[in-house]
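# Summary of the model geometry
The residues making up each chain are set out below.
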Amino acid sequence: MKVDQQRVAKKIREIRTDLGYSMAQFGELISNSPKTTVNNWERGINLPKEDKLKKIALLGKTTVEELLYGSPEEVLTNLLKDHFQLQVNPAFLQQMLAFLKQQKVDVYDEMTIMEFLQGIMDSGMLVERNDPYLTYSKVEGTDSLYTAAAANDPMDSSPRYYAHVDVKNNRVHLLPYTFAKRQKYLYHNFPDLTNQVTIDFFTRAFPLLGIDLEKSIIVYYGIERRRESLNIVEYRYERQSCVFEAGEIALGEVFSPFKAEVMKITLYLNN
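Procedures and definitions
Residues numbered from 1 in each chain as written. Predicted model: local features only at pLDDT ≥ 70, side-chain atom pairs only at ≥ 80, totals over all residues. Heavy atoms only, no water. Helix = DSSP H or I, 4+ residues; strand = E, 2+ residues; numbered from the N terminus. Buried < 20%, exposed > 50% of the residue type's maximum accessible area, 1.4 Å probe, protein only. Polar contact = N/O pair within 3.5 Å; in protein donor to acceptor, adjacent residues only side chain to side chain. Pairing = 2+ DSSP bridges. Axes fitted to C-alpha atoms, helices over the stretch in contact; angles between N-to-C directions. Contact = heavy atoms within 4.5 Å. Core = buried A, V, L, I, M, F, W, Y, C linked by side-chain atoms within 4.5 Å.

## Side note on the environment of P34
- Relative to the helices and strands, P34 is located in the loop between α2 (23-29) and α3 (35-42).
- In this structure P34 comes out as partly exposed when scored by relative accessible area, which is 46%.
- Taking the C-alpha atoms as reference, P34 lies 6.5 Å from A24; in sequence the two are 10 residues apart.

Take a look at the structure:
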């Protein structure tokens, strides 16, 4: 399993600063390592040797494996995303981890876990395949504009949204599709992204877009029902609660073409 040295460096720095130690003090605890060595660890220049990793993990109340590769949740999420182009909702992820623990499968044994996941894939158990979820199709001639339709929905397979995918900032802007059958409903009814089923509906295909769920932001362009006025809501994913929390969006983070399109619709509705 590949070690991300920059992630390890960040984790070591977090452990040291959380304990309130200077680099020199921290180095003394870790086999009298000099300040320059600790600095190199925290810059990702090199990794501590095995005996020192054990001491750092002990201080951080974690394991060497978790220090090097991330938490079991992170490892499983990355394997699903990188090798199977899949992202499951957090609740289902916890069920998988519990099952792996019950079967005594080590999540840090990459080849074993890959074979296990492939078996689950082949059995069709990995994702709830019959549930509708958004799939994103790039608009020809553009770099970041997509249409989003609900796969597995026999009632309406037409596009529901336009999506502007800002991979650099891990942000997906969603605008109700102008010609959708339920156009007004989509503008007026904002999604409840504290519901795991709804989260899965919007985010299951995020890995194919290059979007990391745990760092993701969804910006929804809609209309306030009572006044028929522009309403833009930003949803930020919260790792601890595993849901999206709604809030106001900064002016500079609005995707202007989507805002302009909603303004046109509000004029139409008010006439």
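Anyway, onward from the coordinates.
## Overview of the side chain of R204
- Inspection of the secondary structure puts R204 in the loop between α10 (196-203) and α11 (206-209).
- One polar contact links R204 to D200, side chain to side chain, over a distance of 2.6 Å.

## Side note on the sheet that holds strand β3 (residues 159-166)
- The strand order across the open sheet formed by seven strands is β1-β2-β3-β4-β5-β6-β7, and the pairing between neighbours is mixed. Here the strands that pair on one side only, and so sit at the sheet edges, are β1 (133-138) and β7 (243-247). Within the sheet, the average angular offset between the axes of one strand and its neighbour, ignoring direction, is 30°.
- Running at roughly 15° to β1, α10 makes contact with β1, β2 (145-151), β3, β4 (171-176), β5 (217-224) and β7 of the sheet.
- Contacting β2, β3, β4, β5 and β6 (229-238), helix α12 (residues 256-269) crosses the sheet at an angle of about 20° to β5.

## Notes on the nonpolar core
- Core analysis: the largest hydrophobic core is formed by 27 residues, its most contacted members being Y136, Y161, L174, F202, I218 and F244.
- Leave out the neighbours within four places in its chain, and I218 touches V172, L174, L193, F202, T203, F206, V233, E234, Y235 and F244.
- In terms of nonpolar packing, the next biggest core, distinct from the first, is built from 16 residues, L86, V107, Y108 and I113 among them.

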